[in-house]
Amino acid sequence: MATRDKTANVLWTWTSRRCRFRPQGCSCSPTLCHPLPASVEMRPGLLTYSSGTQHPVLAVLHPRDSGLLFSGCGWLPGVHWGRRGGLTSNTGSEHVPCRMAPTLDGRDDVLWSDPPRGPLDAYRACASFSPRELQLFWEGEDLLRFKKTVFSALEKDPLFAGSRGADLPLEKYRELSFLRCKRIFEYGFFSLDNLSQNPLRLPALVYCLGAYDWSVGTKFALHLMVFGSTVHSLGSERHLKYVEKVLNMEIFGCFALTELSHGSNTQAIRTTAHYDPTTEEFIIHSPDFEAAKFWVGNMGKTATHAVVFAQLYTPDGQCHGLHSFVVQIRDPETLLPMPGVMVGDMGRKLGQNGLDNGFAMFHKVRIPRQDLLNRAGDVTPQGAYVSAVKDARQRAGVALGSLSSGRVFITGMCVVNLQQAVCIALRFSATRRQFGPTEEEEVPVLEYQVQQWRLLPYLAAAYALDHLSKSLLLDLAGLYQGRLRGDHGARQAELSREIHALAAAAKPLVSWTAQQGIQECREACGGHGYLAVNRLGDLRNDNDPNCTYEGDNNVLLNQTSSYLLSFLERGVQGGAHFQSPLRTVDFLEAYPGMLGQKFKGTSVTDWLDPTEGVRGPVMTTALPLSCEAPLAAYRWLVCYLLQRSHQKVAQEKRSGRRDFEAKNNSQVYHMRTLALGFMELTAVQRFHERTHSPEVPPSLQAVLSRLSLLYALWSLSRHMTLLYQGGYLSGKQAGEALEDAILDLCAQLKDDAVSLVDVIAPPDFVLNSPIGRADGELYKNLWGAVLQGTGALERAAWWQEFSMHRPVLGSLKAKL
């Protein structure tokens, strides 16, 4: 359908929701015309010059709030859209300031801003999709607007300007991080109402802060999301007073579980809480220094209150296991320790030094009976222990349920770090030119196959694991809603077990992928990647603790593999089925029959499995590809590892070893690999479902399916030895075809890489990397940053040590 506006000599056309408006004969690239989701409508609008002159445009409005969504290719007589939201004459001479007419609700905002013009334009023009459409599909309009609001506020606020703080003295960095955290509360970015409407909003806020500086993001999260949500989810109505004080920052919280001598083994925590019925108080006590709470974020300098985990004892001397208590550790008016509390700071760490990790010991500190968080169990005034959860293991699961949320939240932290690293490395690779077919011609290093193979799988992982993290957060939200309803049924208990197993494996998978990916990005940027100002070192250091806190990765994997093996043990005892509330283990219903399956393909096409009817080289198809081949291989792999692990444990037990020893001797090459393989399958499955859902716009299907398939095949390729050992693959052609398929997908995604990182990249102000800026002016930005470095052009303060105090050769030889 086409309509001509005679006054503006503009041809408006729209076909299959793809809107274009341009003058007759315009030769602009059609890739700049952005597809529109079916949920928006198109209406004529006006573009107003600063001079007051108006021209008609076709505005695209969202039906919910009429916010302007479309600001791409708008060809008008003699003008075209400028990259910064203004207009430029067709001669390219002068930037004319302009603005869009206000949206119907009075706001004057645009959801996106165009990236600045520069060397990256060549790759952006080659993209097979609209970055704006993908961003809208991937994040959703609500989160996009919210993140833009947060980033804009940070950039305009002088408190967030200048140094992030890592170059400051430790005490000053801690102060700056606290002031920035306090400022977030002053902006009022969150409320209980919008948190309940969109459970991804608060994590999104923390991830925005973390992208800026994880010292700020983690400090904020530990207070609000860890301390605050633990009090809310493990407490009851009598604890709402603390939640209110958390939200208005009247108190500041921390989460005190680990001790100097115990971390992963939470059941061996030695802090005690003895109940005294004469005063209706609990007595919190650290029996010795090895029981000191240790590594507690916010405890070092800031926290006034802590959720303290301790072994609960009733007056009859019985221990009821680990429970959580709200304990005041500092006076909010003075920040001095409370009587009986010794609290301090642990000092400088490898990263995140704006966060004050600390320690605390308690000497018979008395707290009211009501400060026991009583969701799992309570103590009456007379000292009797009562609980609606009769099973002790299930009760412990409720008490430690916050650990699962912490682990899932950490996966999102790792994704943010990986996203920023691949953004920096791919923008660098698209502008850094080295060598070429002739001496006169140099090509971007992104054109080299090895650079694509090093970086593009991590780009695919950044998307796949982002979706995994978000989906797990939504799973957690469902679990907590059930707890708040008082649901202690069998399905709720099984859902808790499943999420615990998923979180225990997701953290290792995502944190290790981020760790390896950041290092690969650092090396892929050569020497420039080693320069601190380009931030890859900070990303690496700040990500590193994700591999160990909230549970050492290797220890956590044992929990997931034990969960999977428990289904076999149930089957032996009572013929139980492989079923779970989230259906992550349902495919194991085909065990052990699935072990007889074999991969019969021998070509790249057999792995890429294009849509039925597609023929010829896969490189030429724009249709979505399927992950069925790698998914089938992964299901077989998990079944194979489950069988191997089960047989290994049984063999150890037949040799006379106890259960603990048998499982300890079955970790390497068996249970550990089983847990990782299961989690990789879960990530691949969920990403495949997301990228192949009916909600995916047709114009995004191809690029998303390539990302999905690349992540699946790249992850699977790490298990090639097992696939051959178990007989799923045979002959060299199958393995070679898998490797060729990975390289083919990298080649297909190469031209989309810059636009794909544009979708997930934060603003330049937040990314804070000269070699990763959106304008692609690699050398100009890096040169400017180096020249502006402190003391870059100054003589060394110790110059006299060279010029005036020369060494006397051999003068100290007699002292050797």
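About the thresholds
Residues numbered from 1 in each chain as written. Predicted model: local features only at pLDDT ≥ 70, side-chain atom pairs only at ≥ 80, totals over all residues. Heavy atoms only, no water. Patch = residues over 30% accessible without salt bridge, like charges linked within 9 Å, V, L, I, M, F, W, Y side chains within 5 Å. Areas by Shrake-Rupley, 256 points an atom, 1.4 Å probe, with all protein chains shown as cover. Salt bridge = Lys/Arg side-chain N within 4 Å of Asp/Glu carboxyl O. Buried < 20%, exposed > 50% of the residue type's maximum accessible area, 1.4 Å probe, protein only. Core = buried A, V, L, I, M, F, W, Y, C linked by side-chain atoms within 4.5 Å. Helix = DSSP H or I, 4+ residues; strand = E, 2+ residues; numbered from the N terminus. Contact = heavy atoms within 4.5 Å. Expected span 1.5 Å × (residues − 1). Axes fitted to C-alpha atoms, helices over the stretch in contact; angles between N-to-C directions. Parallel < 35°, antiparallel > 145°, perpendicular 65-115°, else oblique. Left-handed = near helix turned anticlockwise from the far one by under 90°. Polar contact = N/O pair within 3.5 Å; in protein donor to acceptor, adjacent residues only side chain to side chain. Phe/Tyr/Trp six-rings, centres within 6.5 Å; stacked < 30°, edge-to-face > 60°. Lys NZ or Arg CZ within 6 Å of the ring centre and 35° of its normal. pLDDT = per-residue confidence, 0-100. Pairing = 2+ DSSP bridges.

**Details of a nonpolar patch on the surface**
On the surface, a nonpolar cluster with roughly 450 Å² of combined accessible area is contributed by Phe 435, Tyr 448, Val 450 and Trp 453. Judged by relative accessible area, which is 47%, Trp 453 ranks as partly exposed.

**Looking at the nonpolar core**
In summary, soluble globular proteins display a tendency toward joint burial of nonpolar side chains. Leu 205, Phe 220, Leu 459, Tyr 463, Trp 607 and Tyr 711 are the most contacted members of the largest nonpolar core, which totals 191 residues. Element by element, the count of residues in this core is highest for helix 10 (residues 401-431), at 17 residues. Ignoring any residue separated from it by four or fewer positions in sequence, one finds Tyr 711 in contact with Ala 460, Ala 461, Ala 464, Leu 465, Leu 509, Ala 683 and Val 684. Core analysis: the second largest hydrophobic core is formed by 25 residues, Phe 282, Ile 284, Met 299 and Ala 306 among them.

**Focus: helix 19 (residues 698-717)**
Taking 1.5 Å of rise per residue, the 20 residues of helix 19 would be expected to cover 28 Å, and the 29 Å separating its terminal C-alpha atoms lies within 8% of that figure. Of all 20 residues in helix 19, 16 are buried, a share of seventy percent or more.

**Description of the packing of helix 7 (residues 214-234) against helix 8 (residues 240-247)**
Following both chains from N to C, one finds helix 7 and helix 8 inclined at 165 degrees, their axes separated by 9 Å at the closest point. Our classification of the angle between helix 7 and helix 8 gives roughly antiparallel. Our pair here, helix 7 against helix 8, has a crossing hand that is left-handed. Across the interface between the two elements, His 223, Leu 224, Phe 227, Gly 228, Val 231 and His 232 from helix 7 touch Leu 240, Tyr 242, Val 243, Val 246 and Leu 247 from helix 8.

**As for the environment of Arg 433**
Tracing the backbone shows Arg 433 in the loop between helix 10 and helix 11 (449-484). A relative accessible area of 43% places Arg 433 in the partly exposed class. In this structure, the C-alpha to C-alpha distance between Arg 433 and Pro 444, residues 11 residues apart in sequence, is 4.1 Å. If we ignore the near neighbours within four places in the chain, the residues touching Arg 433 are Glu 442, Val 443, Pro 444 and Tyr 779. Within the structure, Arg 433 has its side chain in polar contact with the backbone oxygen of Glu 442 (distance 2.9 Å).

**Quick look at the packing of aromatic side chains**
Taken as a whole, this structure holds 23 aromatic pairs when the rule is applied. Grouping aromatic residues by their ring pairs yields a cluster made of Phe 599, Trp 607, Trp 636, Tyr 640 and Tyr 728. Taking NZ or CZ as reference, Arg 164 lies 5.4 Å from the ring centre of Phe 765, over its face.

**A short note on the confidence of the model for the chain**
Low pLDDT marks regions whose predicted coordinates should not be analysed in detail. On average, residues of the chain score 85 in pLDDT, and 83% of them are at 70 or above. When the criterion is pLDDT under 50, residues 610-621 qualifies, and its contacts beyond four places in sequence or with other chains add up to 14 contacts.

**Some remarks on the pairing of strand 12 (residues 281-285)**
A large share of strand 12 lies buried, amounting to four of its five residues. Here strand 11 (residues 272-276) runs beside strand 12; their pairing, made up of five bridges, is antiparallel. What sits directly across from Ala 273, in strand 12, is Ile 284. Count of turn residues in the strand 11/strand 12 antiparallel hairpin: four residues, of which Glu 280 carries a positive phi of about 55 degrees. Pairing between strand 12 and strand 18 (residues 365-368): four bridges, direction antiparallel.

**Examining the environment of Ser 717**
Structurally, Ser 717 is set in helix 19. When the C-alpha positions of Ser 717 and Glu 739 are compared, they lie 7.5 Å apart, and in sequence the two are 22 residues distant.

**A closer look at unusual backbone geometry**
A cis amide bond links Tyr 591 to the next residue, Pro 592, at an omega of 0 degrees. Structurally, Pro 592 is set in the loop between helix 14 (553-574) and helix 15 (604-608). Look at Met 249: it is not a glycine, yet its phi comes out positive at around 60 degrees. Within the secondary structure, Met 249 sits in the loop between helix 8 and strand 10 (253-256). Classification of Met 249 as buried rests on a relative accessible area of 18%. With phi around 80 degrees, Asn 298 is a residue other than glycine that occupies positive phi space. Take Asn 298: its relative accessible area is 0%, and that puts it in the buried class.

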